[in-house]
Amino acid sequence: NGVKAVEVKELLYQAIAYLGLSRVYAFFAPTNTIFTNQGISLPLASQKNTKNQTRLEAGEEAQIAIFGEQMKGFATKGEPDVRHINKWLVDNCFGDYYTRNGLDYNQREMITFCFLAAQGGCEAQLISHASANIRIGNDKDFLIQVISQCLPFIGYPRSLNALHCVKEAIE
């Protein structure tokens, strides 16, 4: 359907941050088998752009580009006993994944929106990522189309929740 191998792999890597490695790991071997059967040479070229020393700064830059200036210093915010999770979000989720080549921010945010909507129970994050999608150009109409495409796979309750979250993000 015109989706490039690198985009498929990046979708899987993006999924790790939002669905967890244990839920995504099983998709890597079948994906590689399909690629091999289609004559795609493995391993694919690395799309990584950061090193351990640069991922925190790069992650913060990505967060600011997507969510706005209020994300500056997010890695050091929060109660001391849970602040490390904010740091991991910045350096791992955004520094390791969002900074990779293969997908742009609009694609990554659309995919993230789908992951969150499909899980259910992530409405706070879904509102935040709906806002981010809208902020970077994936407007309300686009998100409604995305939800419409996801509906057969995630069902009406989660689709209706996603629609409500888009409405909340706009308000």
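Up top you'll find the structure we're talking about.
These numbers were taken from a predicted model, which means no experiment stands behind them.

Caption draft 1: A look at the state of the cysteines. Tallying each qualifying case throughout the model produces zero disulfides. With no disulfide of its own, C114 has C150 as its nearest cysteine by sulfur position, at a separation of 3.7 Å. There is no disulfide at C165, and the cysteine sulfur nearest it, in C122, is 9.7 Å away.

Caption draft 2: Here's a closer look at the nonpolar core. Formed by 38 residues in total, the largest nonpolar core has its most connected members in Y18, F94, Y98, F113 and L126. Secondary-structure elements contributing two or more residues to this core are α1 (5–19), α4 (55–67), α5 (83–98), α6 (105–119), α7 (123–135) and α8 (140–170). Among the elements that line this core, the one with the most residues is α8, at nine residues.

Caption draft 3: Spotlight on the side chain of D91. As for its position among the elements, D91 is in helix α5. When its relative accessible area of 4% is taken as the criterion, D91 is described as buried. A distance of 3.3 Å separates polar atoms of two side chains, one belonging to D91 and the other to R55. Excluding its chain neighbours within four sequence positions, the residues that come into contact with D91 are R55, L56 and D96.

Caption draft 4: Representation of the pattern of salt bridges. Scanning the entire structure with this criterion turns up seven salt bridges. R100 is paired through a salt bridge with E10; the nearest N and O atoms lie 2.8 Å apart. Of the two residues, R100 sits in the loop between α5 and α6 while E10 sits in helix α1, which places them 90 residues apart along the sequence. Accessibility expressed as a relative area gives 1% for E10, which makes it buried. Here K167 and E171 are joined by a salt bridge, their closest N and O atoms 4.0 Å apart. By relative accessible area, E171 is classed as exposed at 65%. Shared partners join several salt bridges into a network, and the residues in it are R55, K87, D91 and D96.

Caption draft 5: Molecular detail of the side chain of E7. Residue position: E7 is located in helix α1. Among the polar contacts listed, one links the side chain of E7 to the backbone nitrogen of K4, at a separation of 2.8 Å. Sequence-distant contacts of E7, that is, excluding residues within four places in its chain, are made with G2, G102, L103 and Q107.

Caption draft 6: Summary view of the environment of V8. Positionally, V8 belongs in helix α1. Sequence-wise, V8 and A75 are 67 residues apart; in three dimensions their C-alpha atoms are separated by 29 Å. Discounting residues that sit within four places of it in the chain, V8 has contacts with V3, T31 and F35.

Caption draft 7: Looking closely at the environment of F113. Mapped onto the elements, F113 comes out in helix α6. Residues F113 and S41 lie 72 residues apart in sequence; the distance between their C-alpha atoms is 30 Å. Leaving out residues up to four positions away in the same chain, F113 has contacts with L126, A130, N133, L143, V146, I147, A162 and V166.

Parameters at a glance
Residues numbered from 1 in each chain as written. Predicted model: local features only at pLDDT ≥ 70, side-chain atom pairs only at ≥ 80, totals over all residues. Heavy atoms only, no water. Disulfide = S-S within 2.5 Å. Core = buried A, V, L, I, M, F, W, Y, C linked by side-chain atoms within 4.5 Å. Buried < 20%, exposed > 50% of the residue type's maximum accessible area, 1.4 Å probe, protein only. Helix = DSSP H or I, 4+ residues; strand = E, 2+ residues; numbered from the N terminus. Polar contact = N/O pair within 3.5 Å; in protein donor to acceptor, adjacent residues only side chain to side chain. Contact = heavy atoms within 4.5 Å. Salt bridge = Lys/Arg side-chain N within 4 Å of Asp/Glu carboxyl O.

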